[in-house]
Amino acid sequence: QVQLVESGGGLVQAGDSLRLSCAASGRTFSMLTMGWFRQAPGKEREFVAAISWSGGSLYYADSVKGRFTISRDNARNTAYLQMNGLRPEDTAVYYCAASLGGTSYDTEHEYDYWGQGTQVTVSS
């Protein structure tokens, strides 16, 4: 069993930056693909970013590419999402997710574990 806990969300103004953290339990963290998804009120969850177990492969949604950076520190069992140049349309609950396998990194069904979410609100 893997447990994920997100932190780092908050209320910021457009153009500001935030770094989200995802603390994972278990000694198998290094073997997990880690992903970030987000969900705005009344909307479906959407893929944001993912990172392979080694950190060598990074994937981003077109809407955040060039602004967000996903990373991981396997020694600390933690994944991160650095968000720069935030926009009001980035407002959502951000969820950390972990996958034991699969190649569809942008698909919710491929992820086995989910965190509780952290709220990010970007004002104009």
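Everything below is about the structure shown above.
*Asks:* Quick question: what am I supposed to make of the overall build of the protein chain here?
*Replies:* Helices and strands together make up the secondary structure of the protein chain, namely zero helices and 11 strands. By the compact-globule yardstick of 14 Å for 124 residues, the protein chain fits well, its C-alpha radius of gyration being 13 Å. Residues classed as buried in the protein chain amount to 41% of the 124 residues present.

*Asks:* Please clarify how the environment of Phe47 should be interpreted in this entry.
*Replies:* Here Phe47 shows up in strand β5 (residues 46–51). The spacing of Phe47 and Gly35 is 12 residues in sequence and 7.9 Å in space, taken between C-alpha atoms. Aside from chain neighbours lying at most four places away, what touches Phe47 is Trp36, Phe37, Tyr59, Tyr60, Ala61, Tyr105 and Asp106.

*Asks:* Before we go on, may I ask you to explain the state of the cysteines in this structure?
*Replies:* Formally, a disulfide is one covalent bond, and it connects the sulfur atom of one cysteine to the sulfur atom of another. As enumerated under the stated definition, the model contains one disulfide in all. Note that Cys22 is cross-linked by a disulfide to Cys96, the S-S spacing being 2.0 Å. A torsion of -80° about the S-S bond marks the disulfide between Cys22 and Cys96 as left-handed. Of this pair, Cys22 sits in strand β3 (residues 18–24) while Cys96 sits in strand β9 (residues 92–99), and the two are 74 residues apart along the sequence. Considered together, Cys22 and Cys96 belong to a single accessibility category, that of buried residues.

*Asks:* Would you mind going over the nonpolar core with me for this structure?
*Replies:* Nonpolar side chains tend toward joint burial in soluble globular proteins. By size, the foremost hydrophobic cluster in this structure holds 35 residues, and its most contacted members are Leu4, Met34, Trp36, Leu81, Met83 and Tyr94. Where this core is concerned, the elements lending two or more residues are β3, β4 (33–39), β5, β7 (68–73), β8 (78–83), β9 and β11 (118–123). Setting aside residues up to four positions removed in sequence, Met83 forms contacts with Asp16, Ser17, Leu18, Leu20, Arg67, Phe68, Tyr94 and Val120.

*Asks:* Would you take a moment to explain the sheet that holds β3 for this structure?
*Replies:* Remark on secondary structure: sheet strands pair via backbone hydrogen bonds, oriented parallel or antiparallel. With respect to topology, four strands assemble into an open sheet ordered β1-β3-β8-β7, the strand pairing being antiparallel. In this open sheet, the two strands that pair with only one neighbour each are β1 (4–7) and β7. With direction set aside, neighbouring strand axes in the sheet form an average angle of 15°. Pairing analysis gives six bridges linking β3 to β8, with the strands arranged antiparallel. What sits directly across from Leu18, in β8, is Met83.

*Asks:* For this particular structure, what's the right way to read the packing of aromatic side chains?
*Replies:* Any two aromatic rings considered together are summarised by their centre-to-centre distance and by the angle between their planes. Enumeration over the complete set of coordinates arrives at six aromatic pairs. Ring geometry for Phe37 against Tyr111: centres 5.2 Å apart, planes inclined by 80°, an arrangement best described as edge-to-face. Of this pair, Phe37 sits in strand β4 while Tyr111 sits in the loop between β9 and β10 (113–114), placing them 74 residues apart in sequence. Side by side, Phe37 and Tyr111 carry an identical accessibility label, which is buried. It is Arg72 that lies over the ring of Phe29; its NZ or CZ is 4.6 Å from the centre.

*Asks:* In this structure, what is going on with the pairing of β7? I would like to understand it.
*Replies:* Taken residue by residue, a regular strand's side chains alternate between the two faces of the sheet. A one-sided burial pattern is seen for β7, the buried positions being Phe68, Ile70 and Arg72 and the unburied ones Thr69, Ser71 and Asp73. Across six bridges, β7 lies against β8 in antiparallel orientation. The residue bridging Ile70 from the neighbouring strand is Leu81, located in β8. Between β7 and the antiparallel strand that follows it, β8, lie four residues; Asn77 among them carries a positive phi value of about 50°.

The rules behind each value
- Residues numbered from 1 in each chain as written.
- Predicted model: local features only at pLDDT ≥ 70, side-chain atom pairs only at ≥ 80, totals over all residues.
- Heavy atoms only, no water.
- Helix = DSSP H or I, 4+ residues; strand = E, 2+ residues; numbered from the N terminus.
- Rg over C-alpha atoms; globule rule 2.2 N^0.38 Å.
- Buried < 20%, exposed > 50% of the residue type's maximum accessible area, 1.4 Å probe, protein only.
- Contact = heavy atoms within 4.5 Å.
- Disulfide = S-S within 2.5 Å.
- Core = buried A, V, L, I, M, F, W, Y, C linked by side-chain atoms within 4.5 Å.
- Pairing = 2+ DSSP bridges.
- Axes fitted to C-alpha atoms, helices over the stretch in contact; angles between N-to-C directions.
- Phe/Tyr/Trp six-rings, centres within 6.5 Å; stacked < 30°, edge-to-face > 60°.
- Lys NZ or Arg CZ within 6 Å of the ring centre and 35° of its normal.

None of the figures reported here should be taken as evidence of function without further support.
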